[in-house]
Each structure stands twice: as C-alpha cells, then as structure tokens.
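Coordinate analysis (summary)
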Amino acid sequence: MSTEPEAREAAEVMARYCRGDAAAFHRLYALLAPRILAYLTGLLGDRAAAEDALQLTFLKVHEARSSYVLGANPIPWIYTIAHRTCLDEIRKRKRSRVRLGKGDEPTAEPAAHITGVAADVHPDPADQPDPSAAAGALAALAKLPDNQRQALILTKVHGRSIADAAMITGSTPGAIKQRAHRAYVTLRQILGRKELA
Amino acid sequence: MSGGNDFDDRVLGEATGVGAPPPPAPSGDLLRAVDGMKPVRTRSRFGAAAAVALAGLVGPVIALARGPFRRDWPGLPVGWVIAAVMLWGVAFAASLVAALVPRRGDVLPAPSRASRVAAVAMAGLAVFALFATVDVPGLSMQPAERGWSLFDSCVHCIGTVAKVAVVFLVVGFVALRRLVPVGGARVGMALGAGAGAMGGLLLVFICPFASAAHVVLSHVGGMVLASIAGALLLPAIARSRTATATAITLALLALVLVGQ
C-alpha cells in the first residue's frame, strides 16, 4: 500500500539510484521487491515464474532509469514495468503451448495451479496446503479473466488507487472500477459468500 | 466497499503472496548491471513534448512563411479566425501534452487521460467544423473551380495534414519508445491527434476550400487518420527491438513526403 511517506522515500531512493548509488538500488529492491513479487505471483499463478519476472522487472527498471522523472513516485512506474513483463511472459506461455513436438503432436506446456504446483505432481499430503480460505481464494482467482484478476489484485490486495491501477494496466479508471467490481462479485459467488452492500 | 470485504481482502492478500516468503536476492545479472552502473541523466517532464513540438513545428512555420495564404483570407471574420486558430491550437497543445507529459508526481504519461483528451479534441473540432465553418462569398473557393471533386479536394488536404503529422509522429515515437510499457494505443492516439491538429491548424491559414463537408472530412478527418496511425503504430514501435530502425524508416518517409 502506497502512502505519502513511502512514495517520498521511494522517490528519494530512486533519485540516488539514478545518481549511481548502488546502495540505493538495494534499498529500492528491499522496499518494492516483496510487493512486486506478490503482484506477479497473483497474475502468473506460479511463484517460480514470478521470481524470474521479478528479476527481469528490476533489470528493465535499471535499463530504463534514465526515463525516470526526478521527484516522481516510482512505485506505479515499477508496477507498470512489472505488469508489462508479466503480459510478455503470459504471451510467451501461450505461444509455447501451441508449439508442435517431433511427431507433430502438440506439446502442451506443463499445467500448473495458481499455487505454482504442477498439476500432474502429487506431493506428499503433508506438504499440501490446508484447505483454507486462502486456498479457496486462490482457486477462485484462477477462474477470473486476466483483466479482472489484474484489477482486483491491484486495487484490493495491493491497495493501489483506481487511477494508479489504470496507469499500471494502461486502461481507464472506469474500466478498472468495473473489472474490480465484477471480479469481486464473481469471487464472492465462487466462494459462496453473500455480497455485502 | 468495507466491513465484510476486509475479510476477503485479507484472504486475497494471503492467496496472492502478500506475507509470503521473502523475495529472492537480486540475480547475478542484475547485480553485475548495478555494480557497473554510472550516473544517468534523468528525464524532465516537459523535455519530450518540447522536442517533439520544436521538430514538428519547423514544417508548418516554413509553409506559413512561404505562403500563400488562402484566397479568402482578407474576407474572413476576425473573430472566426481567432476562434479557429485557438481551437486547433488548443487541440494540438492539449493532445501533445496528454501524450508526452506525465502528470506531476508520475513518471509516465497517463494512457486514459491521453485518449480522453484526444477524443474530446477531435469531437470538439468536428462540431466546430460542422457548424461554424465560414465561407466568404466570391472569395472562398469551391473544388469545382479547380476541376476537382470534393473527394479530390479532401485527398489534397489530407495529404497536407499527413505531411505535417508524420514529422510529429516520427519524433514522438522516438521520444516515447521506452515510455509506454502499457497503453501505447491510447498514448499514440493522442500523439496522432496532436500531430493532425497541427496539420489542421496550418490548413486554417492555407486551405482555400471553405465548405463544412470539406473541412470535416479532410481537416478533422486528417486528424482522425493521424490519430489512428498513432494508435496503431506506437504500440508496435514501443515494443519493437528494432525501434530505431523503424523510426528511421518513418523519418525517411517523412522526408520524402515533405519534399513532394
């Protein structure tokens, strides 16, 4: 959740990073990597892929740091880069899913649940997550369309404002509101919960 | 949404990894890049817009300096001229700013604001052209006087808008190349609308045809076409690895068009 002091700190750290201060990079990483990773995990549904995308996101931030405007809040910008990285990853997955194998048989990408556990893997029951509310929410999230999931995770989980979420996804505030609402309603239906006013 | 939603928000947070194990340390590639880094010059909010405007305005200024102005220029009502110049000028400036200048405190231009501003600018100009185009009897020209149809006159003026717009688009694409990770079509739409509006502004001074149909179809239509071109091309260019090559190709195309 972005607050004014946090945004100010991020802006100050980003300014030092642009001046070539390596310690500022590590501070920025410590400040933002956990939530960017959580965002990527929510979208990709796979912790390992999200960790790769996180590294790629920060590499892109590093390469694009000359695009930064001094004094601006870098948090929505870094979310936007993460979002783009994630879209590219999803696109790559879709392409690899239709790639043909040796015998011209379609080679399916190994399926995975949103938890990151491969669908065909049957781990030790002791390692399986408890059938808790979080697991239910995970399964329900996986059923949402991509754009609804993005809107919901940004606004409800990461506490971004509607305007920020619109900026991050390249959409409009109205569309974000609508998608987040629809996602919320769908999620409640899936989870068997009654919608509260 | 409050009350019962808090529970769901917390559950969602847990589900999507908030509070999950900490992220991995930066990768070797990332650390190597950071260790070898040098200070960089950051961008200013208005730098890109200023560069695009300066580069794009050269053509229209030269065209105006060379003349000639439209045949009915002396007979046009001063109030109408001021209104037309202001409207086209505001449409140009507002669209260009929306496409290239981030809001205070932001790093990137806001795609939703960009498309909204461009749409309002185009709609406003279409209404103005439809209901407020003036014609000076005896001075304003009809396409038939040149042996042209309405279509021929529209093609001619759309060509002029294209020549002006292509420079803005090319320089704008270069300026925005790394600034639109998402929402490229919306930002490109505003860039194209701004570029087309400058073409339309030039035509206020030089186009001799003063019928509403001609102005709507070719002046505002040229702006719409430039906007569509921006919306289609910017996302591709912004994400292309050969963006520079694409931009150079378009720049050459611009030179050819301007030279004609």
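It should be emphasised that the depicted structure is a prediction, and the values quoted were computed from it without experimental measurement.

The number of helices and strands found in chain A is eight helices and zero strands. The N-to-C order of helical and strand elements in chain A reads α-α-α-α-α-α-α-α. Out of the 197 residues belonging to chain A, those deemed buried represent 42%. Sequence-distant contacts, at least 24 apart, represent 56% of the contacts inside chain A between residues at least 6 apart.

Now for the interface of chain A and chain B. Across the contact, 50 residues belong to chain A and 46 residues belong to chain B. For the side of chain A that touches chain B, the elements supplying multiple residues, two or more each, are α2 (22-44), α3 (47-63), α4 (74-97), α5 (133-142), α6 (146-157) and α7 (162-169) of chain A. The leading source of residues in the side of chain A that touches chain B is α2(A), at nine residues.

Grouped together as the largest cluster of nonpolar side chains are 126 residues, with contacts concentrated most on A:Ile36, A:Leu40, B:Ala190 and B:Leu234. Looking at this core element by element, the count peaks at 16 residues for helix α6 (residues 150-176) of chain B. Summarising the domain contributions, this core has at least three residues from each of domain 1 (1-128) and domain 2 (129-197) of chain A. Not counting the four nearest positions on each side in its chain, A:Ile36 is found in contact with A:Leu54, A:Thr57, A:Ile78, A:Tyr79 and A:Ala82.

Turning our attention to helix α3 (residues 47-66) of chain B. All names here are of chain B. Between the first and last C-alpha of α3 there are 29 Å, a value that for 20 residues agrees with the 28 Å anticipated at 1.5 Å per step. Most pronounced at Leu57, the bend in α3 amounts to some 35 degrees, and the proline Pro60 follows within four residues. With its phi angle positive at about 70 degrees, Gly67 sits one or two positions after the end of α3.

Turning our attention to the environment of B:Ala55. Residue and element names in this part refer to chain B. As for its position among the elements, Ala55 is in helix α3. A count of 16 C-beta atoms within 10 Å places Ala55 in the partly exposed class. Remark: the alpha-carbon pair of Ala55 and Val170, spanning 115 residues in sequence, is separated by 9.8 Å. Setting aside chain neighbours within four positions, we find Ala55 in contact with Val167 and Val171.

Let us look at unusual backbone geometry. For the bond from B:Gly67 to B:Pro68, the omega torsion is -5 degrees, close enough to zero to count as cis. Within the secondary structure layout, B:Pro68 lies in the loop between α3 and α4 (78-100).

Residue and element names in this part refer to chain A. Between α2 and α6, the shortest axis-to-axis distance is 10 Å and the interhelical angle comes to 150 degrees. Taken together, α2 and α6 sit at an angle that is classed as roughly antiparallel. Considering the relative orientation of α2 and α6, their crossing is right-handed. Of the residues in α6, those touching α2 at Tyr39, Gly42 and Leu43 are Arg149, Gln150, Ile153 and Val157. Taken together, the residues of the contact of α2 with α6 break down into four nonpolar, two polar and one charged.

Cut-off values and rules
Residues numbered from 1 in each chain as written. Chains lettered and ligands numbered in written order. Predicted model: local features only at pLDDT ≥ 70, side-chain atom pairs only at ≥ 80, totals over all residues. Helix = DSSP H or I, 4+ residues; strand = E, 2+ residues; numbered from the N terminus. Buried ≥ 20, exposed ≤ 12 C-beta atoms within 10 Å, placed from the backbone. Contact = placed C-beta atoms within 7 Å. Core = buried A, V, L, I, M, F, W, Y, C linked by C-beta atoms within 7 Å. Domains from an automatic or database assignment. Expected span 1.5 Å × (residues − 1). Bend = angle between axes of the 7 residues up to and from the residue. Axes fitted to C-alpha atoms, helices over the stretch in contact; angles between N-to-C directions. Parallel < 35°, antiparallel > 145°, perpendicular 65-115°, else oblique. Left-handed = near helix turned anticlockwise from the far one by under 90°. Nonpolar A, V, L, I, M, F, W, Y, C, P; charged D, E, K, R; others polar.

Honestly, that's just the spatial picture; any functional story needs more than this.
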